[in-house]
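Remarks on the overall topology
Below, each chain spelled out in residue letters.
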Amino acid sequence: MASENRDPVKTICPYCGVGCGIMVQPGEEPGDVRFMPWGDAPVNDGRICIKGGAATEVVDHEDRLTDPLIKEDGEFREASWEEAYERIVDELERIRDEHGPDAMGFFGSSKTMNEENYLLQKLARRYGTNNVDNCTRMCHASTVYALRTSLGAGAMTNSMQDLREETDVIWIQGANPAEQHPIANSNYFRQAVLDGATVIQVDPHANKTTRSFKIDETDRHQHLQLEPGTDIPLLNAVIKTILDHHEESPEDGWVDEAFVEERTEGFDHLVETLNGFDVEAAAEECGVPLEDIERAAEAYATADNAAIFTGMGMSQHACGVDNVQNEINLALITGNVGRPGTGVNPLRGQNNVQGTCDVGAMPNVLPDYQLVDDDEARESVEAVWGFEVPDEPGLTNVEISHEAGNSIHGLYIMGENPIMSEPDANRVAERFQKLEFVVVQDIFPTETAEFADVILPATSWAERGGTVTNTDRRVQRMRPVEKVHENTKHDLEILCEVGTRLFGEGFSFDEPEEVFEELRQVCPSYHGMSYDRLGEEGIHWPCYEPGDQGDLYLYEESFDTDNGLGRIIGVNHQPPAEVPDDEYPLILTTGRIEEHYNTGTMSTRSPTLNRVKPENFVDVHPADAERYGVEDGEYVTLRSRRGEIRVKAQVTEDIKEGVVWTTPHFAASAANKLTNDVLDERAKIPEYKAAAAEIEVGLESTDAAPADD
Ligand SMILES: Nc1nc2c(c(=O)[nH]1)N[C@H]1C(S)=C(S)[C@@H](COP(=O)(O)OP(=O)(O)OC[C@H]3O[C@@H](n4cnc5c(=O)[nH]c(N)nc54)[C@H](O)[C@@H]3O)O[C@H]1N2
Ligand SMILES: Nc1nc2c(c(=O)[nH]1)N[C@H]1C(S)=C(S)[C@@H](COP(=O)(O)OP(=O)(O)OC[C@H]3O[C@@H](n4cnc5c(=O)[nH]c(N)nc54)[C@H](O)[C@@H]3O)O[C@H]1N2
Ligand code: SF4
Ligand SMILES: [Mo]
């Protein structure tokens, strides 16, 4: 079947949260699609990174799911859509009858559109449960918690645009934008650096970001290479340095007294928390020279505009909320919020993780972060939906997995791969075995799909339209080319069909735009938007009324807290739940690389990306290599209390001594077999960034878990 229309369509890159515009050119046959640059795309001006350029490679990959599959006697067989839908509806009804609605868990997908996640969370709530979540839980849940509590909104306070134009100090802690948000780095951070901005990077690992800010050949930039999990003492040392200097020389204005007085509360608590704080001991604990910390503190405190960028190295800890709170503390005491070029800015991960959260695919909030246990908020949404929403927050996705086979009997997973992405993966797999019924709706046969009873083949990013929201709250439209496989369906279509079969009404939509029209009724920050108004530029939220242009930066006048004040809350060091000991003497931390993406379902299937990085590796410091007899390039066994993987060693000074660093991208050496599933108490995010590990050489390859010890 030949494509009728071969005009290129303007859409958004399906990988990261920067939200670059790209064009997709259809070829002769469906699936024969090519990347084309979109020269004046709003976020990236036509620039793209290696993943954006290779994104079309996976659209017609031979592994694509093409037909519904049903598991019978342990084997998958092709089924009709009718049979698949009947099975899903029967099983969802049975589970609700036998165990109640809270026995189901629903996973939304930050790889899918706002409209689709909106419908998924509506479906879960109509079913009678708030057990609905998305990958933000494993990602920026702690950041969002801290930002919402202390500033108001769980999103970047500023936009990439005002940061490029106004920022003097770019403080990057636990993020590696040159690889994970490459166009944010090249189009915005590097431009700011060329205009004179200073970069301070806080990370145990040297990476492309470290190397990229050497572009102007000055030595004003700094890399503070700390021990994983010591971000609180490091920031406390920075804050204490600023407070002490201010006490001695208030005329230098390192603390912005007027801002603290008028716009914040809790300053005294911070001062008290750090009363007697020993900066020297803290520096030693972090493994960073004190004079470097002091120099960084001075640069930040004396900048006209300083902006913090925060990533997974901060959020993915059992103390993730406190880590980010301490960044907020630093920003508030120096008055670096509420102006262009400042703020506390999480670089959001997936192409639509911001939107997936905005539209309410989380267990404690409805669309626009309205709390499910706030009667007024719930009633306003119920008035549009026409059914009652349960008033207790549900379980998060990692909690749902923890309860699998216990209080959770069934899962509906749209576009997530928890068997690879959740911590302590061997235990996740054991628990998933005990589930009565699992639906996986994906574009590829994932590790998680092996546990499914029904697999539904979705169309991919290039084949359907809708909206996605990028890291700086810009809502943009995606536009489709023709479907590649006739028998696949759009996620939206699948959810409408399942919802209509289950509930009769409330899920009858033909087009994403119709869903958007309902969504904006219950999502005040999107209320002023329409598909027409979004056009090609998109609109930043909040956009309450049709005339609003959206805000480039938040909190100019006041914060979105109950009393309008920003909250300063002093925090104390909490070491990771698992620290090195004689048996497991190394700290294992994980992070990403430019060429691969999350659990690798798309990137490892892309020939271009795989050619550059065909397999996983573990970075080992030369001193540790010598200690454990590791040769560069040799395969080693990396082991934690929970499992082991076989992986190639890279001996390099990029990593700190005593720390080993690997990636979560490859199924054959899945890092999450090793990670610890301890959670931050409040945000429920797992501690992916610190576990105790050992390295062994000369063993045969094995991916199996050792017996529990
Ligand atoms: N190429 C690529 N881009 C991506 C993704 C991808 O998989 N590949 N994924 C997307 C997603 S979902 C997300 S959430 C973002 C994530 O983007 P980032 O936040 O940049 O993610 P990570 O690489 O996981 O972690 C960032 C850094 O934290 C450091 N780190 C580890 N432990 C600590 C610590 O204790 N303290 C500090 N300060 N730093 C530490 C790591 O060395 C790493 O350099 O990227 C998005 N973009
Ligand atoms: N060790 C370690 N583990 C980590 C992290 C870490 O830093 N270290 N980071 C965590 C973070 S930040 C994140 S965000 C999570 C990510 O965890 P996941 O969200 O589970 O990982 P992804 O690989 O992004 O999974 C997305 C799935 O969506 C599917 N998909 C793609 N497009 C579509 C579509 O259009 N429709 C449908 N239905 N499906 C689609 C993909 O094939 C894939 O299976 O991993 C977490 N895990
Ligand atoms: S920076 Fe992110 S959005 Fe832009 S092309 Fe690269 S992966 Fe895609
Ligand atoms: Mo993420």
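Residues numbered from 1 in each chain as written. Chains lettered and ligands numbered in written order. Predicted model: local features only at pLDDT ≥ 70, side-chain atom pairs only at ≥ 80, totals over all residues. Heavy atoms only, no water.

**Side note on the pattern of salt bridges**
The test is simple: Salt bridges are identified by distance alone: a Lys or Arg side-chain nitrogen within 4 Å of an Asp or Glu carboxyl oxygen. Each helix is a run of DSSP H or I of at least 4 residues and each strand a run of E of at least 2, with the numbering of both proceeding from the N terminus.
All chains considered together, the criterion is met by 38 salt bridges. A salt bridge links arginine 682 to aspartate 322, with the shortest nitrogen-to-oxygen separation between them at 2.8 Å. Note that arginine 682 is positioned in the loop between β28 (676–679) and β29 (686–687) and aspartate 322 in helix α15 (residues 320–333), a separation of 360 residues in sequence. Its salt-bridge partner being arginine 627, residue aspartate 624 comes within 2.6 Å of it at the nearest N-O pair. Taken together, the residues aspartate 624 and arginine 627, both in helix α25 (residues 622–628) and three residues apart, mark about one turn of the helix.

**Section: the domain arrangement of the chain**
Keep this limit in mind: Throughout the structure description, domain borders are defined by an automatic or database domain assignment. Residue contacts are defined here by distance: any two heavy atoms, one from each residue, within 4.5 Å place the two residues in contact. Summed over both partners, the accessible area (1.4 Å probe) lost when two parts come together is defined as the buried area.
Parsing the chain into structural domains produces domain 1 (9–58), domain 2 (69–138 + 357–462 + 482–507), domain 3 (141–346) and domain 4 (586–697). In this complex, domain 2 contributes five residues to the contact, which on the side of domain 3 involves four residues. Across the domain 2 to domain 3 interface the summed buried area is about 420 Å²; carbon plus sulfur atoms make up 47%. Area buried by domain 2 at its contact with domain 3 is led by Thr136, Met138 and Tyr369, which between them contribute 73% of it. Run the count over domain 2 and domain 3 and you get zero salt bridges.

**Brief notes about the environment of asparagine 326**
The cut-off we apply is this: Using a 1.4 Å probe on the protein chains alone, a residue whose accessible area is under 20% of its type maximum counts as buried, one over 50% counts as exposed, and one in between counts as partly exposed.
Position of asparagine 326 relative to the elements: it lies in helix α15. Take asparagine 326: its relative accessible area is 0%, and that puts it in the buried class. Setting aside residues no more than four positions away along its own chain, asparagine 326 makes contact with Ile232, Leu235, Asn236, Ile239 and Val571.

**Observations regarding the site of ligand 3**
For clarity, the threshold we go by: Near is defined per residue: the residue qualifies when any heavy atom it owns lies within 4 Å of the molecule or strand. Points on a 1 Å grid over protein atoms alone make up a cavity when a 1.4 Å probe fits among them but cannot get out, and a pocket when they form an open set with protein on both sides within 12 Å along at least five of seven lines; lining residues each have an atom within 4 Å of a point. What decides whether a molecule sits in a cavity or pocket is whether more than half of its atoms lie within 2 Å of the grid points. Throughout this entry, Asp, Glu, Lys and Arg are counted as charged residues, while Ala, Val, Leu, Ile, Met, Phe, Trp, Tyr, Cys and Pro are counted as nonpolar. The remaining residues, Gly among them, count as polar.
Close contacts around ligand 3 come from Cys13, Tyr15, Cys16, Gly19, Cys20, Ile48, Cys49, Lys51, Gly52, Pro182 and Ile183, and that covers them all. If you map ligand 3 onto the pockets, it falls in the second largest cavity. Counting residues per element, the ones that place at least two in the shell around ligand 3 are α1 (50–54) and α7 (182–194). By residue class, the composition of the shell around ligand 3 is eight nonpolar, two polar and one charged.

**Quick word on the site of ligand 1**
Basically, it comes down to this: Under the rule applied, a polar contact is a pair of N or O atoms within 3.5 Å (in protein, one hydrogen donor and one hydrogen acceptor; residues adjacent in sequence only if both atoms are side-chain atoms).
Neighbouring residues of ligand 1: 36 residues in total, closest Asp203, Asp231, Arg592, His596 and Asn598. Here valine 202 contributes a backbone N or O atom positioned 3.2 Å from a nitrogen atom of ligand 1. Separating an oxygen atom of ligand 1 from a backbone N or O atom of methionine 312 is a distance of 2.8 Å. For the shell around ligand 1, the elements supplying multiple residues, two or more each, are α6 (177–180) and α14 (312–315). Classifying every residue of the shell around ligand 1 by side-chain character gives eleven nonpolar, 18 polar and seven charged. Among the domains, domain 3 (141–346) and domain 4 (586–697) are the pair contributing at least three residues each to the shell around ligand 1.

**Looking at the packing of helix α2 (residues 81–99) against helix α21 (residues 491–503)**
We count it as follows: Between the N-to-C directions of two axes lies an angle of 0 to 180 degrees, each axis being a line fitted to C-alpha atoms and, for a helix, fitted only over the stretch in contact. For classification purposes, angles smaller than 35 degrees are called roughly parallel, those larger than 145 roughly antiparallel, those between 65 and 115 roughly perpendicular, and all remaining angles oblique. Crossing handedness is read from the near helix: turned anticlockwise from the far helix by less than a right angle, it gives a left-handed crossing, and turned clockwise, a right-handed one.
The N-to-C vectors of α2 and α21 enclose an angle of 50°; their axes lie 10 Å apart at closest approach. Judged by the angle between their axes, α2 and α21 are oblique. Viewed along their axes, α2 and α21 form a crossing whose handedness is right-handed. Counting all contacts with α2, which are made through Trp81, Glu82, Tyr85, Glu86, Ile88, Val89, Leu92, Glu93 and Arg96, the residues of α21 involved are Glu493, Ile494, Glu497, Val498, Arg501, Leu502 and Phe503.

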